[in-house]
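Residue-level structure breakdown
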Amino acid sequence: MFYTITKEKTCEQLSVDAHVGLDPAVAAQRLIENGPNALMQEAAMPSWKRFIKQFEDVMIWILIAAAAISFFTHEFTDGFIILAILLLNGVLGFVQENNAEKSMQALKQMQIPSAQVLRGGELLRLPSADLVKGDIVQLNSGDVVPADGRLIEAAGLKIEEAQLTGESVPVDKQTQVVEKENPPIGDRNNMAYATSRVSSGRGRMVVTQTGMNTEIGVIAGLLSREEEEKTPLQIRLAEMGKMLGIGAVGICVLIFVIGWFQGRELFELLMISISLAVAAIPEGLPAIVTIVLAMGVKRMIKANAIVRKLPAVETLGAASVICSDKTGTLTQNKMTVTHMVIDERIDIAEIDTLDDRSRMLIETAVYCNDAGLSRTDEGNVVVGDPTETALLVMGESFGINQGSLKAGNRKGEIPFDSDRKLMSTIHDNKGQYLVSVKGAADQLLERCDHVMTSEGSRAITEADKTRIINDVRELSKEALRVLGYACRRVEQLPGQLTSDAIERDLVFIGLTAMMDPPREEVKDAIATAHAAGIRVIMITGDYKDTAVAIAKELGIMSDGDQALSGSELDVLSDPAFLKKVEHILVYARVSPSHKVRIVKALKQTGKIVAMTGDGVNDAPALKGADIGCAMGIAGTDVAKEASDLILTDDNFSTIVAAVKEGRTIYDNIRKSVTFLLSSNIGEIITLLAAIIVGWEAPLLAIHILWINLITDSFPALALGVEPPEKGVMARKPRQPETPILGDGIAGTIVLQGVMIGVLSLTAFIIGRQTDLATARTMTFITLSLSQLIHSYNVRSRSMSIFELGFFSNPYLNLGVLVSLTCLLTVYGVPVFRVMFKLTWLPWTSFLTCVGLGFMTLVIIEISKRIRL
């Protein structure tokens, strides 16, 4: 039990030097011997089960019953055709679902967690699966612990172990031996366990167990498989499908009663009823919607956005506000120290020789730093927070680094937190303890009673503080990020390292100013968002002047727009803030708790809010937002777990691109739904009208089944990858409560269905003048052609197909070609023609069918022109 022995003994048993880490060759050998650091995954559903699943729908069982009736009445051909079509549909569904599953597996592979590991004396970021026993792992606030380990360093370290203990209160961690005999997991405060979360502080651990040997691995068998998540759209479509099913049953009963009084045979009535049931329900719709969503998710991955939760795809299209962090999202996150302020402003590039105060400032910046810098053949590699790495790079340029200062030998620290906005470290220095502090200048000055001058340290005055704050403001107006530095020497440390005990009686040294330039592409993305009716709000921990300067440069703010600081927000009551929230475009000096309040207020005004975040404290805001967007590079594991979307490039432009993709996906699903439902209504009109007037059924069940499952499916899928319409980002956000068939689409579907039905009935009437086989053949061909040609109509509700171009969606052309080939095969090949009870038509009759089919294009084009 490693918690019962010292950290030194633990490292000895695991054959590792805590200051160097494992040799890479040793680590590779241990990985081969013990396997990857991963929990056993539940076996994927076998292929045969996935295939059987394709036949679990109630509609499929109705059709199987129809096949059984056909066999019972010696209509063997019909029975075999129905079964063959069902089998073919099952194979297509299986292949499509298999492809969707592969896409989702690829998505999971992109979300593999990583950890900071010390190997061969260098701090590296490696996949968590590559960890082995004996690895030295760095733990920072926001990290998910990647394996079980014995803590060898702990500075203000608190870990939340709710997954193991059920206790949500974070546990204070330390490195001393646990004396208690057989303590429960919650009392082993010198251990860190896989899947627990670092809520604050910093630490290092030596890995003691990996994979299935971890505590969470022991109980892995109790973990349930994650259920497949359905989007609100899929749920609404499923409900609509149920309503259509109920309607189909009602129509079947009505037709059965009418037919009974007309004296039709029982078998004929059964087959007509089944035909109507088949016509009423778009069997391929659920699968098509799922596939369209999966294809959309795949396209988003290529655009640097990983969708973690499928409903986010739908919600993205309705986003009306994007709240974005500044650093790294709107800016490049390539911090470079440009200036130093000690009495006066100094350009770093112009410094040849450091004086004592400049050296002291740089040493403080290097001491008080959690980043790491290592040298490789390709140059220096920095690991850590961009602000801290910029300070290390500055120090390195003057020959001051963590090695020369022995900065790794810390005696204590008080980690940075977003409330006090300071960080402190304590080091041995010439027989004393050196306290180095960096952070926000306004917060730092409150804890300083001396200032460093060219003559040495003297008491700080109000004039000094005013001058320093004015320097900060002037630098902030230039969009520079400013940090203050202070230090003190103490003979001995207090019993408890707290902010009040350590961060007091400080000597102020000076300031550094660094720049993180705006991303070049962000300005255009913000303009696009504004054109789309989306408000862009900047949220930052920087000073208001800095934030406003960058917001104006990027086009977020213009003269007359408002900015609010965290302290100003604190004094506003909720009702007062609710009145102002519509007019504020920049929030400065805010903490994560402010973010939650901002999201709540915006949602109360009816906005659909996308919120970015990267820290552990951002998790509540990310969860509270309609779309939580975590940073893929700078984001903590906790932030990623709380998010709906991960931006793999930490770029604001990716959010706007994802919104565009979300709108396009929703539009395309609407187009697929419009196409399928209008086609099905056309079939219902054709059958229902003929039966009511006492004619023979214009179509058999096998005809409708073939059209619905084979002919319609390919164009419907192709509509799912329709390119974005020209005005997709020029219209206001969609209201989330708007139904899928809202905005007049339901009426359009009915009218288009009536049009298809009338054209098909016209073909039937013309064909009846010859014989029933000719009439049914003409109806089958006309209905099929009219639906295929109609797929081009639904590409846009307003734009002509001639404006869109026939070749702008090659997938639709391919889908229509495949469906047309299937139609011509059934009609042209004699054996199939007999099986489907069709007949060879004279050329005049065939051309009549083609002409009627093309009438759908003519009618819709005329109606579009009239509407314009």
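Preceding this section is the structure that the text describes.
The structure reproduced in this document is the subject of the present report. The shown structure was predicted, so the numbers you read here are calculated from the model rather than taken from an experiment.

Quick look at the overall build of the protein
Within the protein one finds 33 helices and 26 strands. Burial analysis of the protein (868 residues in total) assigns 54% to the buried set. Taking all contacts inside the protein whose residues are at least 6 apart in sequence as the whole, residues at least 24 apart take part in 71%. Surface summary for the protein: the accessible area is close to 37900 Å², and the carbon and sulfur share equals 58%.

Thoughts on the sheet that holds strand β8 (residues 305–307)
Taking strand neighbours across the sheet as the criterion, the eight strands line up as β8-β26-β25-β24-β9-β21-β23-β22 in an open arrangement whose pairing is mixed. The sheet terminates laterally at β8 and β22 (562–565), the two strands that pair on one side only. In this sheet, adjacent strand axes meet at a mean angle of 20° when their direction is disregarded. Bridge analysis of β8 against strand β26 (residues 645–647) gives three bridges, and the strand direction is antiparallel. Each bridged residue has a counterpart across the sheet, and for A305 the counterpart in β26 is L647.

Observations concerning the nonpolar core
Grouped together as the largest cluster of nonpolar side chains are 101 residues, with contacts concentrated most on I556, F577, Y587 and F652. Ignoring any residue separated from it by four or fewer positions in sequence, one finds I556 in contact with L330, I526, H530, V536, M538, A551, D561 and L585.

Some remarks on the pattern of salt bridges
One pass over the full model with this rule turns up 34 salt bridges. For R188, the salt bridge goes to E215, with nearest N and O atoms at 3.5 Å. With R188 in the loop between β5 (171–172) and β6 (191–192) and E215 in helix α7 (residues 215–218), this residue pair connects regions lying 27 residues apart in the sequence. By relative accessible area, R188 is classed as buried at 13%. Measuring nitrogen to oxygen at the nearest pair gives 3.7 Å for the salt bridge that ties K477 to E474. One end of the pair is K477 and the other is E474, both in helix α16 (residues 462–477) and three residues apart, which spans about a single turn. Each of the salt bridges in this network shares a partner with another, and the network as a whole consists of E153, R202, D370, R410 and E413.

Details of empty space enclosed by the protein
In total, this model carries two cavities of 30 Å³ or more according to the counting rule given. Each pocket or cavity is described by its volume, and for the second largest cavity that value is around 30 Å³. Every residue along the wall of the second largest cavity is listed here: K326, M335, A479, L480, R481, M514, D516, D542, T546 and I550. Across the lining of the second largest cavity, the residue classes tally to five nonpolar, one polar and four charged.

Some thoughts on the packing of helix α29 (residues 772–793) against helix α31 (residues 810–828)
Put simply, α29 and α31 touch, their axes get as near as 10 Å, and they point 175° apart. Here α29 lies roughly antiparallel to α31, going by the angle between them. Contact residues: α29 offers T777, F780, I781, S784, L785, L788, S791 and Y792, while α31 offers L812, N813, V816, S819, L820, L823, V826 and Y827. For the contact of α29 with α31, a count of residues per class yields 11 nonpolar, five polar and no charged.

Quick word on α31
Its 19 residues place the ends of α31 26 Å apart at the C-alpha level, agreeing with the 27 Å of an ideal helix rising 1.5 Å per residue. Every buried residue of α31 is accounted for by L812, G815, V816, S819, L823, V826 and Y827. For α31, the angular spread of buried residues about the axis comes to 105°, placing them on one side. α31 presents Y811, L814 and L817 as exposed residues on the side facing more than 90 degrees away from its buried surface. Those residues of α31 that are buried lie in contact with α26 (701–711), α27 (713–719), α29, α32 (830–835) and α33 (843–867).

The rules behind each value
- Residues numbered from 1 in each chain as written.
- Predicted model: local features only at pLDDT ≥ 70, side-chain atom pairs only at ≥ 80, totals over all residues.
- Heavy atoms only, no water.
- Helix = DSSP H or I, 4+ residues; strand = E, 2+ residues; numbered from the N terminus.
- Buried < 20%, exposed > 50% of the residue type's maximum accessible area, 1.4 Å probe, protein only.
- Contact = heavy atoms within 4.5 Å.
- Areas by Shrake-Rupley, 256 points an atom, 1.4 Å probe, with all protein chains shown as cover.
- Pairing = 2+ DSSP bridges.
- Axes fitted to C-alpha atoms, helices over the stretch in contact; angles between N-to-C directions.
- Core = buried A, V, L, I, M, F, W, Y, C linked by side-chain atoms within 4.5 Å.
- Salt bridge = Lys/Arg side-chain N within 4 Å of Asp/Glu carboxyl O.
- 1 Å grid on protein atoms, 1.4 Å probe; cavity = no way out; pocket = protein on both sides within 12 Å on 5 of 7 lines; lining within 4 Å.
- Points joined across faces, edges and corners; volume = space filled by probe spheres on them.
- Nonpolar A, V, L, I, M, F, W, Y, C, P; charged D, E, K, R; others polar.
- Parallel < 35°, antiparallel > 145°, perpendicular 65-115°, else oblique.
- Expected span 1.5 Å × (residues − 1).
- Arc of directions from axis to C-beta.

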